[in-house]
Amino acid sequence: MRPIRTLALVSAVLATLAACSAPAPTAPAAEVLDASSSTVRVRGTVQAVTDGSMTVQTWDGRTVAVPVAETTRFVWVVASSLSTLKDGDFVGTATTGPKTALQSLELVIFPESMRGAGEGHYEWDVPGVVASRGGGSVVSSAMTNGTVQSQSAMTNGTVSGNEASSGGRMLTITYAGGSANVTIPEGTPVVRFEPTERASLAVGQKVYAVIPKGTTSAGFLAMGKDGVIPPM
């Protein structure tokens, strides 16, 4: 019986050595993003960070590489509420529905240093508040950015009329070249941007990054603070 036991032991040792020497499965290569013809927006969770880039697993399951440069602007995304909204605040809201009946999917209150960012009313893709829940049939049709000012319209972007409505709160957002009425339903995510530095970027964070058309790195990178998912 001893030779059989010896043979079995040798076989077990060889199998262990083979398993140890087998190459470990490699992670899928990160997709390289191309913003040469259109702006690219990335939403998801940071998987890795290097000096010049970050790897993000997007809400739809892709793994993408997002270059980060010295010129990239970083902000925290901090939970807020409509009770903090004041006349004079600059805001942005992703919406769904026709221009005559816009419904907000999320609302961002900008810091004074970002006043005027993205001002206007224009097409938008699926915002983070929808994408992080698996997408679905409800998608955003537009983004509207403007400034809050009580009861008066300003051509540089004004939210005038900040009253309650049966569907939540109604904002009239006036921007250069037009205006839009937006209903903010109860429960709509409301956040604020707070400027921060690149050192805040870390693995595990929920992020929203923008690579502007014709560029090769993120121009803007928003990071959720304390687990907040950037809803824009």
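Calculation rules
In this numbering scheme, every chain counts its residues from 1 along its sequence in written order. Only residues with pLDDT of at least 70 are given local features in this predicted model, and only at 80 or more are side-chain atom pairs given and counted; all residues enter the totals for whole chains, interfaces and linings. Hydrogens and water are ignored here; the side-chain numbers use all heavy atoms of the structure. Only DSSP runs of H or I reaching four residues or more are called helices, and only runs of E reaching two or more are called strands; each is numbered from the N terminus. A simple rule labels every residue: compare its accessible area, found with a 1.4 Å probe on the protein chains alone, to the largest value its type can have, and call it buried under 20%, exposed over 50%, or partly exposed in between. Contacts between residues were defined by any pair of non-hydrogen atoms, one from each residue, lying within 4.5 Å. Only the protein chains shown count as covering a residue, and every accessible area follows the Shrake-Rupley method with a 1.4 Å probe. We call a set of buried Ala, Val, Leu, Ile, Met, Phe, Trp, Tyr and Cys residues a nonpolar core when their side-chain atoms join them within 4.5 Å. Using a grid of 1 Å spacing that covers the protein atoms alone, one calls a set of points a cavity when a 1.4 Å probe fits there but cannot get out, and a pocket when the set is open and has protein on both sides within 12 Å along at least five of seven lines; lining residues are those with an atom within 4 Å of a point. Grid points are joined across faces, edges and corners, and a volume is the space filled by probe spheres set on the points. Gly counts as polar in this scheme, as do all residues outside two lists: the nonpolar Ala, Val, Leu, Ile, Met, Phe, Trp, Tyr, Cys and Pro, and the charged Asp, Glu, Lys and Arg.

(A) Up close: the overall build of the protein chain. Of the regular secondary structure elements, the protein chain holds two helices and 14 strands. When the 232 residues of the protein chain are sorted by exposure, 41% land in the buried category. Looking at the protein chain alone, contacts between residues at least 24 apart form 61% of all its contacts between residues at least 6 apart. Roughly 12,000 Å² of accessible area belongs to the protein chain as shown, and the carbon and sulfur atoms make up 56% of that amount.

(B) Region of the structure containing the nonpolar core. Membership of the largest hydrophobic core comes to 20 residues, with the highest contact counts inside it found for Val-42, Met-54, Val-66 and Leu-221. Elements with a contribution of two residues or more to this core: strand S2 (40-49), strand S3 (53-58), strand S4 (63-79), strand S13 (206-211) and strand S14 (218-224). Among the elements that take part in this core, S4 stands out by supplying six residues, more than any other. If we skip the residues at most four places from it in the chain, Val-42 touches Leu-33, Val-56, Thr-58, Val-64, Val-66, Val-207, Tyr-208 and Ala-209.

(C) Expanded view of the environment of Ala-30. Counting through the fold element by element, Ala-30 comes out in the loop between helix H1 (2-21) and strand S1 (31-32). Beyond its immediate stretch of four places on either side in the chain, Ala-30 contacts Thr-55, Thr-63, Val-64 and Ala-65.

(D) Representation of the layout of surface pockets. In this structure, the largest pocket spans a volume of roughly 360 Å³. Residue lining of the largest pocket: 17 residues in total, with Gly-118, Tyr-122, Trp-124, Asn-145 and Tyr-208 positioned closest to the centre. Those elements that place two or more of their residues in the lining of the largest pocket are strand S8 (142-147) and S13. Residue classes in the lining of the largest pocket are distributed as twelve nonpolar, four polar and one charged. Estimated volume of the second largest pocket: approximately 240 Å³.

These values are about where atoms sit, not about what they do.
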